[in-house]
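# Survey of secondary and tertiary structure
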Amino acid sequence: MTSLDLNTLKPMANAVRALAMDAVEAAKSGHPGMPMGMADAATTLWANHLKFDPANPDWRDRDRFILSAGHGSMLIYALLHLTGYADVTLDEIKNFRQLGSKTPGHPEFGHTTGVETTTGPLGQGISTAVGMALAERMLNARFGDDLVDHHTWVIASDGDLQEGISHEAISLAGHLGLNRLIVLWDDNSIQIDGDTALAETTDVLKRFDAAGWATDAVDGHDMAAIDAALTRAKTAGKPVLISCKTVIGFGAPTKAGKSSSHGAPLGGDELAGAKKALGWAHGAFDIPDDIRADWLAVSTSGKSAKAEWTDRYEGHSRREEFDAAFTAGLSPDAARTLHDWRKSLAAEKPDLASRAASGKVLAQIVPVMPELVGGSADLTGSNLTKTPDQTPVQSGAYGGQYIYYGVREHGMAACANGLSLHGGVRPYVGTFLVFADYCRPAIRLSALMSQPVTYVFTHDSIGLGEDGPTHQPIEHLASLRAMPNVRVFRPADALETAECWEIALTHQSGPSLLALSRQKLPFARRDDGSENLSARGAYILRDAENSEAVIIATGSEVGLALEAAKTLADKGVPVRVVSAPCLDIFAEEDRAYRDSVLPEGLPRIAVEAGLRYGWDAFIGADGGFVGMTGFGASAPAEALYEHFGITAKRVVDAVLQRV
């Protein structure tokens with residue numbers, strides 16, 4: 001990379017500060033203090049170290065830059081604008097935080113070119129970056145330096161490092177020795193409530209040292225010292241934390257170093273005083289031509305690096321395989337494998353717990369889908385997420401397809417987002433469904449960023465038995481279905497489990513959650529498995545001539561629905577049984593299909609070992625519901641189903657009350 005001298009860098013940093021101050025002032029909203037404080041460090045990084053090409057923002061071997069301190073979004077918008085990213089024009093800077101702008105209040109992946117991940121919820125950015133850095137090492141192990149050889153850079157705040165998720169992610173990164181991950185900590189000792197000493201006295205550098213990181217500390221306004229620290233970091237052999245001791249609101253005459261500069265415009269007089277102190281004698285949004293030219297020249301090194309990489313890529317013997325890793329969806333081999341597996345299951349009709357059926361699907365698909373990377377939060381043997389073909393990813397040995405995340409559900413989910421965002425890797429992760437609560441903020445970001453992460457959530461109901469109410473998910477299905485752009489699957493048997501995996505791996509615009517049983521489920525299907533019946537979310541599993549009611553069920557309760565239907569038939573009451581492995585997909589189907597499955601005028605009874613919340617959209621306010629109304633208890637599964645009235649008899653009674 002080309003190194004710019006201090007005389008050139010200082011005005012460039014002040015240009016970042018000026019744009020941040022002006023944009024926040026114009027919006028009458030925002031966070032000027034962090035961009036003003038970190039402008040020197042960010043400018044040094046982007047000018048002298050970051051490998052990027054604004055003309056090719058999706059170049060696979062670019063460095064990744066993550067502004068974990070997403071509240072300071074004007075920092076990245078100013079950098080993107082000044083270096084020539086087409087999305088972030090001066091008009092967009094002027095339109096900061098306004099409806100439809102490319103410069104929203106917090107950086108949003110997929111909305112603004114150059115933003116690598118959505119940040120703002122503190123701790124998520126640095127934790128997602130761990131996944132990106134891990135993806136780089138894994139792809140490097142697979143394809144070599146010629147195709148994959150880059151860094152992941154993070155700017156993190158005090159708040160990022162206080163959030164609990166950061167402890168999980170930092171520990172994992174140190175354990176795995178992710179030496180291409182470099183974090184610049186904006187060590188300004190200020191948060192919203194005031195001085196960080198009000199709430200925090202941790203020795204952060206010792207904390208990172210203990211986690212297996214290399215650490216460094218510099219004056220965050222000494223650009224020569226920053227440059228030297230960044231140079232050292234690239235050869236440290238470990239993930240690196242650099243403490244940049246900064247002054248929040250740097251340059252502001254009365255608000256510098258105070259929380260008052262954190263989350264509100266400076267005000268006209270303060271802004272003018274800051275510009276005077278910085279020697280910035282230019283009007284609002286005015287960047288002198290020479291400074292703008294210096295910034296635009298920064299990307300020259302990146303353009304050259306991109307051109308050299310392209311030459312290597314175009315002549316590489318594994319180019320086709322490399323492209324396949326970054327290609328969305330199922331390969332023809334993978335699609336054929338899943339189709340054949342469905343037909344095999346239909347022929348054999350095995351009774352399996354859906355978690356066991358999921359493990360068997362993975363055993364089929366992992367060998368033909370090398371980009372598929374699994375993991376579990378210390379529940380591998382329970383989630384059944386690891387296949388015999390998968391070797392573990394370890395420090396210095398990144399060529400495996402399985403990650404032991406330890407008891408770090410939140411960090412695991414954020415890491416999975418980073419793996420997915422980086423590209424070349426298709427992640428799935430596992431834990432118990434009840435612990436989806438630990439993953440929820442990262443799941444929400446999976447949905448917000450439309451990332452196709454697959455979450456394998458086993459032990460999906462009171463059917464897990466003796467572990468009791470602390471481990472029995474009750475409200476989880478309903479609450480996860482309530483999250484936009486999330487697909488929740490709850491398959492009824494081994495064939496539906498294979499179908500749901502196929503749908504999840506085909507889906508590219510959001511996360512898929514598989515809720516899987518601990519207990520064995522009877523095989524329910526009678527077809528030959530050639531068609532994926534789960535693909536429309538719900539379908540007619542059993543029908544009867546002149547049906548008088550519809551029973552709709554999911555997962556382990558489909559067996560109860562079928563049992564109830566048989567009893568009702570013996571009583572002369574024909575009913576239709578509908579299996580609904582994914583209500584989210586079914587709700588998106590056209591009205592004609594929904595009506596063909598759930599005809600108007602027929603009473604409807606839903607059966608699910610969860611809460612009724614959300615079911616009225618499918619059964620109506622007068623429909624019957626057999627499920628849970630409160631927390632579970634500790635007992636064998638069979639006793640619990642009887643105790644809570646989730647039985648075939650209860651379903652029969654609910655039908656007879658309505659026909």
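Look up a bit, the structure's there.
All values derive from a computational prediction rather than experimental measurement.

## Quick notes on the overall build of the chain
- When you go through the chain residue by residue, the secondary structure sums to 26 helices and 20 strands.
- Computed over the C-alpha atoms, the radius of gyration of the chain is 27 Å, within 12% of the 26 Å expected from 2.2 N^0.38 for a compact globule of 659 residues.
- The C-alpha extent of the chain, read off along each of the three principal axes, is 90 × 55 × 45 Å.
- Split into buried and exposed, the 659 residues of the chain put 60% on the buried side.
- Taking all contacts inside the chain whose residues are at least 6 apart in sequence as the whole, residues at least 24 apart take part in 78%.
- A total of about 23,600 Å² of accessible surface is found on the chain, and carbon and sulfur atoms cover 50% of it.

## Points about the sheet that holds strand β16 (residues 539-542)
- Within the open sheet, the five strands sit side by side as β16-β18-β17-β19-β20. Their pairing is mixed. Bordering the open sheet on either side are β16 and β20 (624-626), each of which pairs with just one other strand. Sheet twist, expressed as the mean angle between neighbouring strand axes with direction ignored, is 30°.
- Summarising the sheet, β16 and strand β18 (residues 575-579) pair through three bridges and their orientation is antiparallel. Considered in β18, the bridge of I540 is made with V578.

## Brief notes about the packing of helix α1 (residues 6-27) against helix α11 (residues 289-297)
- α11 packs onto α1 with a crossing angle of 100° between their chain directions and a minimal axis gap of 10 Å. Of the possible angle classes, the one that applies to α1 and α11 is roughly perpendicular. Counting all contacts with α1, which are made through T8, P11, M12, A15 and V16, the residues of α11 involved are I291, D294 and W295.

## So, unusual backbone geometry
- Of note, the phi angle at K28 is positive, near 55°, even though the residue is not glycine.
- Relative to the assigned elements, K28 resides in the loop between α1 and α2 (33-48).
- For K28, a relative accessible area of 68% translates into the label exposed.
- If you check the backbone angles, S450 has positive phi at about 55° while not being a glycine.
- Looking at the element boundaries, S450 is found in the loop between α18 (436-448) and β12 (454-458).

## Here we look at α1
- Taking 1.5 Å as the rise per residue, α1 with 22 residues should run 32 Å; its terminal C-alpha atoms sit 32 Å apart, in good agreement.
- The residue sitting at the N-terminus of α1 and contributing the capping side-chain oxygen is D5; that oxygen lies 3.2 Å from the backbone nitrogen of N7.
- Two residues or fewer past α1, K28 is found with a positive phi of approximately 55°.

## Description of the pairing of strand β6 (residues 214-219)
- Where β6 and strand β7 (residues 240-245) come together, six bridges link them in parallel fashion. For D219, the partnering residue across the bridge sits in β7 and is K245.

## Details of the sheet that holds strand β10 (residues 402-404)
- With respect to topology, six strands assemble into an open sheet ordered β10-β9-β11-β12-β14-β13, the strand pairing being parallel. Looking at the sheet topology across the chains shown, the edges are occupied by β10 and β13 (487-489). When strand polarity is set aside, the average angle formed by the axes of neighbouring strands in this sheet is 20°.
- In the sheet, strand β9 (residues 372-376) pairs with β10 via three bridges, with the strands oriented parallel.

## Looking at the pairing of strand β2 (residues 152-156)
- Of all five residues in β2, five are buried; the element is thus mostly enclosed.
- What you see with β2 is no split at all: T152, V154 and A156 on one side and W153 and I155 on the other are buried throughout.
- In the sheet, strand β1 (residues 64-67) pairs with β2 via four bridges, with the strands oriented parallel. Opposite R64, over in β2, you have T152 as the bridge partner.
- With five bridges connecting them, β2 and strand β3 (residues 181-187) associate as parallel partners. The residue bridging V154 from the neighbouring strand is V183, located in β3.

## Details of the side chain of T554
- Within the secondary structure, T554 sits in the loop between β17 (549-553) and α21 (558-570).
- In terms of polar contacts, T554 uses its side chain to reach the side chain of R490, at 2.9 Å.
- Within polar-contact distance, the side chain of T554 engages the side chain of E608 at 2.6 Å.
- Residue contacts for T554: discarding those within four places in its chain leaves R481, R490, A580, V607, E608 and W615.

## Considering the nonpolar core
- By size, the foremost hydrophobic cluster in this structure holds 69 residues, and its most contacted members are L134, L178, L181, L419 and I443.
- By residue number, the principal contributor to this core is helix α5 (residues 124-143), which donates ten residues.
- Apart from the residues lying within four places of it in its own chain, the contact partners of L134 are L176, L178, V393, Y398, I403, C415 and L419.
- Counting residues in hydrophobic clusters, the runner-up holds 56 residues, among them W46, F65, V218 and I242.

## Some thoughts on helix α10 (residues 268-278)
- Residues of α10 that are buried: E270, L271, A274, K275 and L278. The buried residues of α10 occupy an angular sector of 135° when the element is viewed end-on, so they sit on one face. Exposed and oriented more than 90 degrees from the buried face of α10 are G268, D269, K276 and A277.
- Elements in contact with the buried residues of α10: α1 and α2.

## Let's talk about the environment of T506
- If you trace the backbone, T506 turns up in helix α20 (residues 494-506).
- Judged by relative accessible area, T506 falls into the partly exposed class, the value being 43%.
- In the structure, T506 is positioned 175 residues away from S331 in sequence and 9.6 Å away in space, judged by C-alpha atoms.
- One polar contact links the side chain of T506 to the main-chain carbonyl oxygen of E502, over a distance of 2.7 Å.

## Digging into the environment of L4
- Structurally, L4 can be placed in the segment before α1.
- On a C-alpha basis, the gap between L4 and N48 in space is 6.5 Å, while along the polypeptide they are 44 residues apart.
- In this view, L4 contacts L9, M12, A47, N48 and V298; residues no more than four positions away in its chain are not counted.

## Brief notes about the state of the cysteines
- Enumeration according to the criterion identifies zero disulfides in this entry.
- Here C415 is not disulfide-linked; the sulfur of C439 is the nearest cysteine sulfur, at 12 Å.
- We classify C439 as buried; its relative accessible area is 1%.

## What about the packing of aromatic side chains?
- According to the stated counting rule, one finds 20 aromatic pairs in the structure shown.
- Both rings, one in F52 and one in Y85, keep their centres 6.2 Å apart while their planes meet at 10°; by these two values the pair is stacked. Residue F52 is found in the loop between α2 and β1, and its partner Y85 is found in the loop between α3 (73-83) and α4 (90-94); the two are separated by 33 residues along the sequence. Residues F52 and Y85 agree in their burial class; the two are buried.
- Their ring planes at 15° and their centres at 5.6 Å tell us that F435 and Y438 sit as a pair that is stacked.

Thresholds, definitions, all that
Residues numbered from 1 in each chain as written. Predicted model: local features only at pLDDT ≥ 70, side-chain atom pairs only at ≥ 80, totals over all residues. Heavy atoms only, no water. Helix = DSSP H or I, 4+ residues; strand = E, 2+ residues; numbered from the N terminus. Rg over C-alpha atoms; globule rule 2.2 N^0.38 Å. Buried < 20%, exposed > 50% of the residue type's maximum accessible area, 1.4 Å probe, protein only. Contact = heavy atoms within 4.5 Å. Areas by Shrake-Rupley, 256 points an atom, 1.4 Å probe, with all protein chains shown as cover. Pairing = 2+ DSSP bridges. Axes fitted to C-alpha atoms, helices over the stretch in contact; angles between N-to-C directions. Parallel < 35°, antiparallel > 145°, perpendicular 65-115°, else oblique. Expected span 1.5 Å × (residues − 1). Polar contact = N/O pair within 3.5 Å; in protein donor to acceptor, adjacent residues only side chain to side chain. Core = buried A, V, L, I, M, F, W, Y, C linked by side-chain atoms within 4.5 Å. Arc of directions from axis to C-beta. Disulfide = S-S within 2.5 Å. Phe/Tyr/Trp six-rings, centres within 6.5 Å; stacked < 30°, edge-to-face > 60°.

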